[in-house]
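# Examination of the molecular architecture
Read off the chains here:
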Amino acid sequence: YGDAATNAYKRVEQLDPANAKALASLSAASMAKGSYSSAEQYVDRALASPGNENPAQTHFYKAELLKRQGNLAAAQAEYAQVVQATNPAASGSDA
């Protein structure tokens, strides 16, 4: 993410603080810059947003962040959420 894109997403966040797409994108931009604390705040807000239209992507960003932080067990759980959001039939039950 370049500065122009990051600035645009920050503007969207100012206008709509619960905009999950902008928050997830700001999380990815923060991660790319190594600002994991900011990335975590953005992705957690995106996950909590009632208007999150792409939970799989948001859980993926959270999983990537956790992986980069060395929290592999939590990252694995988030990757499972990606699969669940992408394919609700893959709930882990064989029934």
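Look above for the structure.
Each chain carries its own residue numbering, running from 1 in the written order of its sequence. Local features in this predicted model are restricted to residues whose pLDDT is 70 or higher, and side-chain atom pairs enter the listing and the counts only when it is 80 or higher, whereas totals over whole chains, interfaces and linings include all residues. Hydrogens and waters are ignored; side-chain quantities use all the structure's heavy atoms.

## Here's the deal with helix 3 (residues 36–48)
In plain terms, the rule: Under the scheme used here, helices are H or I runs from DSSP no shorter than 4 residues and strands are E runs no shorter than 2 residues, and both carry numbers assigned from the N terminus. Here the expected length of a helix is defined as 1.5 Å per residue gap, with one fewer gap than residues. The rule is simple: take the accessible area with a 1.4 Å probe, protein chains only, and divide by the maximum for that residue type; under 20% is buried, over 50% is exposed, in between is partly exposed. This arc is taken over the directions from the axis of the helix to the C-beta atoms. Should any heavy atoms of two residues lie within 4.5 Å, those residues are counted as being in contact.
The end-to-end C-alpha separation of helix 3 is 18 Å, in line with the 18 Å expected for 13 residues at 1.5 Å each. Ala39, Tyr42, Val43 and Ala46 are the residues of helix 3 that are buried. The buried side chains of helix 3 occupy one side of the element, clustering within an arc of 95° when seen end-on. Opposite the packed face of helix 3, turned more than 90 degrees from it, sit the exposed residues Ser37, Gln41 and Ala48. Against helix 1 (3–15), helix 2 (20–32) and helix 4 (55–68) lie the buried residues of helix 3.

## A few points about the packing of aromatic side chains
Aromatic rings in a pair are described by how distant their centres are and how their planes are angled relative to each other. Our working rule: Between the rings of Phe, Tyr and Trp (Trp by its six-membered ring), a pair exists once the centres lie within 6.5 Å; its type follows the angle of the planes, with under 30 degrees stacked, over 60 edge-to-face, and the other angles tilted.
One pass over the full model with this rule turns up 2 aromatic pairs. Taking 6.4 Å as the distance between ring centres and 55° as the angle between the ring planes, the aromatic pair formed by Phe60 and Tyr61 counts as tilted. Here Tyr61 falls in the buried class, since its relative accessible area comes to 13%. Through a chain of ring-to-ring contacts, three or more aromatic side chains come together here, namely Phe60, Tyr61 and Tyr79.

## A short note on the nonpolar core
Using the following cut-off: The term nonpolar core refers to a set of buried residues drawn from Ala, Val, Leu, Ile, Met, Phe, Trp, Tyr and Cys, joined through side-chain atoms within 4.5 Å.
In terms of nonpolar packing, the biggest core is built from 12 residues, these being Ala20, Leu23, Ala24, Leu26, Ala28, Met31, Ala39, Tyr42, Val43, Ala46, Tyr61 and Leu65. Those elements giving two or more residues to this core turn out to be helix 2, helix 3 and helix 4. For this core, the leading source of residues is helix 2, giving 6 residues. Not counting chain neighbours up to four residues away, the residues in contact with Tyr42 comprise Lys10, Glu13, Leu23, Leu26, Ser27 and Ser30.

Honestly, it's all geometry; don't read function into it.
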